[in-house]
Each structure stands twice: as structure tokens, then as C-alpha cells.
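So you can see what is in the structure, the chains are spelled out below.
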Amino acid sequence: IPPSVTPDTALTAASGQVDLGGGTVGKALVYNGTLPGPNFVVRRGDAVAVPFTNNLDAETTVHWHGLIVPTAEDGQPHEAIAPNGTHTYAFTVKQRAGMSWYHPHPHLATASQVAYGLAGGFIIRDSVEDALSVPSEAYEVPLVIRDANVDKAGNLSYNGKASGFTGNIALVNGTRDAALEVDQTWYRFRILIGSNSRLFNLTLSNGATFRLIGNDGGLLPTAVDVPAMELSPGERVDVLVDCSGLAATQTVGLVDTNSGWPLLRLTGSGKPGGLGAVATVPAAGEGLSSDGPTFGDIAPVTTRLFSFDGMTRINGVVYDMALNSFNVPAGDVEDWVFRTNGNAPHPVHVHGASFKVMSRDGGRRRLFPWEEGWKDTVLLHDRETVTVRLRFDSGYKGRYLLHCHKLEHEDAGMMLNFTVV
Ligand code: C2O
Ligand code: CU
Ligand code: CU
């Protein structure tokens, strides 16, 4: 479990060795020496000031995925930090509780830097969440789920192409064959899909459901029980899992049914819950939060269409750092329509605002419970058209990005700049 740190903790990117479980692996890239990096825990309203040092031999940035921050602090490719360079990322956390994350975003090298290990969690708390009866302390566990490739020499390796990257092992919090001893109570798992390309379909091996309470942008309006969740790179879910019936040494697995990989083995300790356990958790169907999107019923001023073409283009154009594709008036409600003519999945991600997913036509033809509330990344499969509604109302103006979060597509050009004016 990555260490929890405060919002003034210094961050350093460097190359190094890591133990992924079963011995040391070379050629890793790490934040503060660990893979994943430390987990920032902040409160809404906090001032973040993270002094960052780039000890890599290439340029990098730190992008705060899901956090709404000024352009200059957003870690965009335009704000690259040279080797041995520094920058203090400073912004105020204005948004509601939820789990975001941070990762590099340098021009043409995001995919490889993430594949070699650079990423970490970022959890925001607030008073709405405080009022809920949910597990905390030892019973609230962040899970950064991804795949990685280990070569014959025992080093991390990266062989991504525009078509994608598939590693040969699964890592949960940087460990293969991850295991957790669990007391007889409810657990809260804060799941981040930190893979480059791979989709995960999460299930529990005993057929139990997850009680889903949150996603990218924080708490859902109501809790809902789901048996499986197909999630793509960049997406987050907040789930409660009932371990109260698990006898000593009995196990339940968190399993990816796409690959068949067991991701995490939960083994009963036989002990009742201690500090941080709760007597009851929100029931399925119970209301959690009403501070969600308020513009879902407002008719859009503008509708924009984005076609995710092939593996390298949006609306026929390969990413050009110097090109501003369009301007968005601050405060306007807009509908953005994402469609593809093949080569999906495309997890579509927007910087600078959260959105509400309005509809999905074609393909799976429905919205899923983890697509309620606020999102910043939404999965587009082949033949699907997904409409999201958004409003840039943070008060920040300037350049932000729209891109495919399959990082190989992003680096190959499936990205654009737009400007909030
Ligand atoms: Cu997580 Cu622009 O990315
Ligand atoms: Cu982002
Ligand atoms: Cu894509």
C-alpha cells in the first residue's frame, strides 16, 4: 500500500529498481522511490504546493488527472521540465471529495514513462464524505491496478506501438500476486486503472457484488450493487466490499475476467474489525451525495463532434502542440459527442472540467452505474457514440487537452488542445 502523504510533500521522478514481489526488477521509473508513487491525501480547500524535481534523463511533467487546476499547473506537454529541472506545482483544491491521480504527460513520451512506473493516487476528502458511514484507516485501501512487462533479463520493458501495449503481468500497488489479510468487516477500495492500454473487467471470485459508491469525480448520487465493472485506463471507482463473513484463512479474489488474472487475494484474518471499521455502510439504493453536476438539465449552447479516427487522429488531425483546435466560452454548457470509426477502445479524457455522461448509442447502448455522477474519462468501444455534457466553470481560463487515454493513441497523436476563454 503506497504511503499517504500531505499536499506539501516533495516529489522526485528518478530511475531505479523496484521489487514487484519475488525479487528486484531494474529499469523502473519511480516517484520518491516507489511504484506507484505516494498517495496524496488532501481536504477540499487545501493549498497544494508540491516541489517537483526531475531526476530522469528526459523531460517530463506531472499532470494531475481529474484535478481542476490552472493551465500552468496542469502538467501539459507545453510545460515540460528538463532533466535536473524543478517546478513547484501549486494550486488550491476546490473540487469535491474523490480520487484523482498524477502521472507524466511529456510530449510523445507519456506512454513509456507511465509503463515504466510513474503514477500515483490523489485523494480529496470533504465534509459530505465525512458525514457518510464508510470504512476508514486500515479499511480504506487504494488499489492502483495496471499491467507491466518484465523481460527475460528481469527488467521492466516497454514495447508499445500505436496499436497499444499489453504487459505480461498484472500489478496491484506495484505487486504481482498481491494479497491482503482482511478483518471481518467492510472494506473500501479506491480503485485506479493505471494501465497504458489494457481494459480490466473486475469481479469477485465468490460471485459477490461490489457496492459502488463513487467514480472519477467523487461520490455517486446513490449506492448501487454491481457484479462486474469494465474499466479503462484513467477511470476510478470507489467500492465497498463485505468481508464480514470471511472466516480465518478463507480467501476471495479480485479477478480480471478479461485476462483471467487474479489481481488481489483477500484472506480472512478471523478477527473482527478494529479502528476504522464501521457498524453499517450505505445500503444499495441509499442516497450518498447531492452535490453532483447541476447542469445536466440545462440545454447546451454548443454541440461539438469529435471523431476518434484510426489510432492517431481526432477529426482527421494528428496532435500538434502549437495548434489550438477551438475555443470554449467559460460558463457555457456544451455537449461533446465522441464517436469512432474503429480501432477502439478509446477511453476519452478531458482536462479542466468534469463532465456528465448523457448517452451511449450503438455498441453497448447503455450507461453503466459507474458512469453516473461526475466523470473525466469515459470508455468508447467500436460502434459507440457517447455524449457528455460539460461546463468550464472553475474560473480558470487557458489551454486544456482532450485526448484518448489509451496512452499509445495519445502519443501517436489522438489528442488536441482547446482554450477556455
Ligand atoms: Cu491522465 Cu491528459 O491525462
Ligand atoms: Cu488528465
Ligand atoms: Cu484511442
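Keep in mind that this is a model prediction, so the values were computed, not measured.

### Looking at the nonpolar core
- In terms of nonpolar packing, the biggest core is built from 114 residues, with Ile145 and Val239 touching the most fellow members.
- By residue number, the principal contributor to this core is strand β13 (residues 186–193), which donates 6 residues.

### Section: the UniProt feature "domain: Plastocyanin-like" (unreviewed entry) in the protein chain
- Listed under "domain: Plastocyanin-like" (unreviewed entry) in the UniProt record, and renumbered for this structure, are residues 15–127 and 311–420.
- With 6% helix and 42% strand, the stretch residues 15–127 has end C-alpha atoms that lie 39 Å from each other.
- Within residues 311–420, the helical portion is 5% and the strand portion 46%, while the C-alpha atoms at the span's ends are 26 Å from each other.

### Things to note about the sheet that holds strand β12 (residues 178–184)
- Strand order in this open sheet of 5 strands is β12-β20-β19-β14-β17, and the pairing throughout is mixed. Each edge of the open sheet carries a strand with a single partner, namely β12 and β17 (229–231). Sheet twist, expressed as the mean angle between neighbouring strand axes with direction ignored, is 25°.
- Inspection of the sheet shows strand β14 (residues 200–204) paired to strand β19 (residues 251–256) by 3 bridges, in the antiparallel sense. The residue of β19 that forms the bridge with Leu202 is Asp256.

### Here we look at the pairing of strand β10 (residues 140–148)
- In terms of residue burial, β10 counts as a mostly covered element, since 7 of its 9 residues are buried.
- Pairing geometry for β10 and β13, over 6 bridges, is parallel. Paired with Val141 across the bridge in β13 is Phe189.
- The sheet contact formed by β10 and strand β11 (residues 169–172) spans 4 bridges and is antiparallel. Counterpart to Ile145 in the pairing with β11 is Val172.

### Concerning the confidence of the model for the protein chain
- Taken as a whole, the protein chain shows an average pLDDT of 97; of its residues, 100% reach a score of 70 or greater.
- Scored as a complex, the prediction yields pTM 0.98 and ipTM 0.99.

### Side note on the sheet that holds strand β2 (residues 11–19)
- Spatial ordering of the open sheet is given by β3-β2-β5-β7, a layout of 4 strands whose pairing is mixed. Single-partner strands in this sheet number two, and they are β3 (24–31) and β7 (86–92). With strand direction ignored, the average angle separating the axes of adjacent strands in the sheet is 30°.
- When β2 meets strand β5 (residues 47–54), the two strands line up parallel, connected through 3 bridges. Residue Ala13 lies in a different strand from β5, and its bridge partner there is Asn54.

### Some remarks on the domain arrangement of the protein chain
- Taken domain by domain, the protein chain consists of domain 1 (4–126), domain 2 (137–272) and domain 3 (302–420).
- The centre of domain 1, based on its C-alpha atoms, is set 21 Å off from the matching centre of domain 2.
- Taken together, the 28 residues of domain 1 in the interface contact 27 residues of domain 2.
- At the level of elements, β3, β8 (98–103), α1 (110–115) and β9 (120–125) are the ones that each hand at least two residues to the side of domain 1 that touches domain 2.
- When grouped by side-chain class, the residues that make up the side of domain 1 that touches domain 2 number 15 nonpolar, 11 polar and 2 charged.

### Concerning the pairing of strand β24 (residues 333–340)
- Inspection of the sheet shows strand β21 (residues 302–309) paired to β24 by 7 bridges, in the parallel sense. Along β24, the bridge assignment pairs Phe306 with Phe338.
- Examined bridge by bridge, β24 and strand β28 (residues 385–391) share 7 bridges and lie antiparallel to one another. Across the sheet, the residue bridging to Arg339 is Thr385, located in β28.

Definitions and cut-offs
- Residues numbered from 1 in each chain as written.
- Chains lettered and ligands numbered in written order.
- Predicted model: local features only at pLDDT ≥ 70, side-chain atom pairs only at ≥ 80, totals over all residues.
- Core = buried A, V, L, I, M, F, W, Y, C linked by C-beta atoms within 7 Å.
- Buried ≥ 20, exposed ≤ 12 C-beta atoms within 10 Å, placed from the backbone.
- Helix = DSSP H or I, 4+ residues; strand = E, 2+ residues; numbered from the N terminus.
- UniProt positions renumbered as here; feature names shortened; annotations may be inferred.
- Pairing = 2+ DSSP bridges.
- Axes fitted to C-alpha atoms, helices over the stretch in contact; angles between N-to-C directions.
- pLDDT = per-residue confidence, 0-100.
- Domains from an automatic or database assignment.
- Contact = placed C-beta atoms within 7 Å.
- Nonpolar A, V, L, I, M, F, W, Y, C, P; charged D, E, K, R; others polar.

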